[in-house]
Amino acid sequence: MKLVRFALSILLPPVAIFLTYGFSATFVINILLTVLGWLPGSIHAVWAIAKHEEKVSQQQGTVENSPTALS
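Analysis parameters
- Residues numbered from 1 in each chain as written.
- Predicted model: local features only at pLDDT ≥ 70, side-chain atom pairs only at ≥ 80, totals over all residues.
- Heavy atoms only, no water.
- Axes fitted to C-alpha atoms, helices over the stretch in contact; angles between N-to-C directions.
- Helix = DSSP H or I, 4+ residues; strand = E, 2+ residues; numbered from the N terminus.
- Parallel < 35°, antiparallel > 145°, perpendicular 65-115°, else oblique.
- Contact = heavy atoms within 4.5 Å.
- Nonpolar A, V, L, I, M, F, W, Y, C, P; charged D, E, K, R; others polar.
- Core = buried A, V, L, I, M, F, W, Y, C linked by side-chain atoms within 4.5 Å.
- Buried < 20%, exposed > 50% of the residue type's maximum accessible area, 1.4 Å probe, protein only.

Caption draft 1: Structural view of the packing of helix H3 (residues 25–36) against helix H4 (residues 38–60). Contact geometry for H3 and H4: axes closest at 6 Å, N-to-C directions at 150°. The angle between H3 and H4 falls in the class roughly antiparallel. Between H3 and H4, the residues in contact are Thr26, Ile29, Asn30, Leu33 and Thr34 and Trp38, Pro40, Gly41, His44, Ala45 and Ala48, respectively. Here the residues of the contact of H3 with H4 are counted per class, giving six nonpolar, five polar and no charged.

Caption draft 2: The nonpolar core, seen in detail. One finds Leu8, Ala16, Ile17, Phe27, Ala45, Ala48 and Ile49 forming the largest nonpolar core, which totals seven residues. Secondary-structure elements contributing two or more residues to this core are helix H2 (13–21) and H4. Sorting elements by how many residues they give to this core places H4 first, with three residues. Setting aside chain neighbours within four positions, we find Phe27 in contact with Pro14, Ile17, Phe18 and Gly22.

See the structure below:
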């Protein structure tokens, strides 16, 4: 699903943001940026989805962040 979101963030930025955040301020901001131009909307979508994935992985306590994986 992560790959689909990143692909959509490049092709259809508002759709990718809606699938990730639902109807929220991030979605509205992305629509406004996409109206200004496809590139600003795409950049915002990739950034927002990457931040969302980062937050989810931190909350889940991924293996990469565990102390035993670092040693």
